[in-house]
Amino acid sequence: MSVRPYRDIYRRKSRQIHVGRVPVGGDAPITVQSMTNTATTDVAATIEQIRQMEVAGADIVRVSCPDADSSAALSEIVPEVTVPIVADIHFHYKRAIEAAENGAACLRFNPGNIGSQERVREVVRAARDNGCSIRIGVNAGSLERSLLERYGEPCPEAMVESALNHAKALEDEDFLEFKISCKASDNFLAVAAYQQLAEATDAPLHIGITEAGGLRSGTVKSSVGLGMLLWSGIGDTLRVSLSADPVEEVRVGFEILKSLNLRHRGVNVISCPSCARQQFDVIKTVEVLEERLSHITTPMTVSVIGCVVNGPGEATMTDIGFTGGGRGTHQVYVQGLPDHRLKDGDIVDHLVELVEKKAAEIEASKQQAAAE
C-alpha cells in the first residue's frame, strides 16, 4: 500500500512476450505504438516516418504488408530503424512468412483469416524460426460471418469468442508468444470486450479504440476508452488510432499514460485555464513553452499558473514552478520552494533554460548512480 492509495493502479497479471527487444506484458512498462501511413514500398518515406515516431518516443511501429513488394521492402526498412517493426497481414499467409523472413519482429493477423490450420502452422514455423511474436487482431468491423449470424451483431461475447478461437489455433501449435487486441470504434463495446477477454486469458493485451476519429475528437474518445481500461489495470501495450500524423498518436499515447501515472516521458506541464486574475498571457505562454520543451525526454513536472490563488500550492509539487504576480513581477519556484522573481518579457526563454538545466542535472545523477 502506498502513501497515496487512491492513486494506485493494480495491473492485470499477464504473461510476458517480446516484440523484438521490447518486452510486452508481465511487469514491463506499457508500451506505446503507432503505424505508418506511407506506402511501404516507398522505403525512404517509410523509414523517415518511422524515425519521426522514434523521436516522439514510439516503442513499436506497425507497417502494412498488403502485397509481396511491401513485405520484401521490410528487408530494407528494418535495418535502418531502431524500433521493432510489426508487419500488418490481412489475408495471405505467404505475406506473413515473407515478413518474418525479412526482419519483422511481430506479425499482426487473425489466424482464421489466412486459411487452414496447415497454413497457420507454416506461419507459426516462420515466426518461431525468425524470433517473431504474433498479435491476434480482432476488430468489431470484421468479425467472422458465422459469429455475426449467431450473435446478430458485433458484441463483446462475439469478439471474445473470435479472439479465443484464434488464440487456440496458435496454442494448438504450442506457440504462446502472442498478444491479443479486441478493438471497436465504440467505447462501450471495446471496453466490455477487453474486460471479458482479460478474465479469459493471461495473454498480453494490446488495447485501442479503433478508428477513433480526427486529432481532437479521436484524442478525447481514445482517452475515455483507454483511460477506463488502464485505470482498471487492463492493457500491456496501446495504440491511439487517429486520422492524423502518426507522431500525434505517439504523443497522445504518452499523455494518457502520464495522466494515470503509469509512465513518464518528457515534461508534464500543469497550467491553469486562465481568467481575469491572470498576471501574464497564460495560454500563449503555455502554447509556446510546450513546443519549446518538446525535445526534453527526461520526466519532469512544470507548473505555469496565472495568479497566486493556486500558483504557490501547485508549485510545491513540481520541479519548476511559475506563478504570476502583480506589476509584471512573477515568482519562480525550484523543487517546490520560492527561488527568485522574474519580470515580464522573457518568461518562456527563462523557463526553458531552467528546465533544460534541471533535466541535465537529473540525467547526470542517473548516470552517476548507474556507474556506482
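Values in this document were obtained by computation on a predicted structure and should not be read as measured data. (Residues numbered from 1 in each chain as written. Predicted model: local features only at pLDDT ≥ 70, side-chain atom pairs only at ≥ 80, totals over all residues. Heavy atoms only, no water.)

A. Examining the side chain of Arg-95 more closely. Locating Arg-95 in the fold gives a position in helix 3 (residues 93–101). In contact with Arg-95, not counting residues within four places along its chain, are Cys-65, Pro-66, Asp-67, Ala-68, Ser-71 and Ile-89. (Helix = DSSP H or I, 4+ residues; strand = E, 2+ residues; numbered from the N terminus. Contact = heavy atoms within 4.5 Å.)

B. Summary view of the sheet that holds strand 11 (residues 267–271). If you trace the 5 strands from one edge of the open sheet to the other, you get 11-12-13-14-15, paired in mixed fashion. For this open sheet the edge positions go to strand 11 and strand 15 (337–343), each flanked by a neighbour on one side alone. With direction set aside, neighbouring strand axes in the sheet form an average angle of 20°. Of the pairings in the sheet, the one linking strand 13 (residues 320–323) to strand 14 (residues 329–334) comprises 4 bridges and is antiparallel in character. Across the sheet, the residue bridging to Gly-321 is Tyr-333, located in strand 14. In the packing of helix 12 (residues 347–371) onto the sheet, contacts are made with strand 11, strand 12 (300–305), strand 13, strand 14 and strand 15, and the angle to strand 12 comes to roughly 160°. (Pairing = 2+ DSSP bridges. Axes fitted to C-alpha atoms, helices over the stretch in contact; angles between N-to-C directions.)

C. Seen up close, the sheet that holds strand 5 (residues 85–88). Strand order in the closed barrel formed by 8 strands is 3-4-5-6-7-8-9-10, and the pairing between neighbours is parallel. In this sheet, adjacent strand axes meet at a mean angle of 25° when their direction is disregarded. When strand 9 (residues 205–207) meets strand 10 (residues 237–239), the two strands line up parallel, connected through 2 bridges. Its bridge partner lying in strand 10, Ile-207 is registered against Leu-238.

D. How the structure looks around the pattern of salt bridges. Applying the stated rule across the entire model yields 18 salt bridges. The salt bridge partner of Arg-95 is Glu-98, with a shortest N-O separation of 2.8 Å. One end of the pair is Arg-95 and the other is Glu-98, both in helix 3 and 3 residues apart, which spans about a single turn. The class for Arg-95 is buried, based on a relative accessible area of 14%. When its relative accessible area of 21% is taken as the criterion, Glu-98 is described as partly exposed. We note a salt bridge from Glu-173 to Arg-121, for which the minimum N-O separation is 3.1 Å. Residue Glu-173 is found in the loop between helix 6 (156–171) and strand 8 (178–183), and its partner Arg-121 is found in helix 4 (residues 117–129); the two are separated by 52 residues along the sequence. The class of Glu-173 is buried, set by a relative accessible area of 14%. (Salt bridge = Lys/Arg side-chain N within 4 Å of Asp/Glu carboxyl O. Buried < 20%, exposed > 50% of the residue type's maximum accessible area, 1.4 Å probe, protein only.)

E. View of the state of the cysteines. If you walk through the whole model with that rule in mind, you get 0 disulfides. In this structure Cys-132 is a free cysteine whose sulfur lies 7.4 Å from that of Cys-106, the closest cysteine sulfur available. Residue Cys-132 is classed as buried on the basis of its relative accessible area of 4%. Of all cysteine sulfurs in the structure, the one in Cys-307 sits closest to Cys-272, which takes part in no disulfide; the separation is 6.8 Å. (Disulfide = S-S within 2.5 Å.)

F. Inspection of a nonpolar patch on the surface at higher detail. A cluster of nonpolar side chains, Val-220, Val-224 and Met-228, forms an exposed patch at the surface whose accessible area comes to about 250 Å². As for its placement among the helices and strands, Met-228 is situated in helix 8 (residues 215–231). Judged by relative accessible area, Met-228 falls into the partly exposed class, the value being 39%. (Patch = residues over 30% accessible without salt bridge, like charges linked within 9 Å, V, L, I, M, F, W, Y side chains within 5 Å. Areas by Shrake-Rupley, 256 points an atom, 1.4 Å probe, with all protein chains shown as cover.)

G. Quick look at the pairing of strand 8. Within strand 8, 6 of the 6 residues are buried, which leaves the element mostly enclosed by the surrounding structure. Where strand 7 (residues 133–139) lies against strand 8, 6 bridges are found, and the strand directions are parallel. Bridge assignment links Asn-139 to a residue of strand 8, and that residue is Lys-183. Strand direction decides the pairing type here: strand 8 and strand 9, joined by 2 bridges, are parallel. Within the sheet, the bridge partner assigned to Ser-181 lies in strand 9 and is His-206. Between the parallel elements strand 8 and strand 9, the chain passes through helix 7 (residues 187–200) in a crossover that is right-handed. (Right-handed = clockwise from strand over helix to strand, strands pointing away.)

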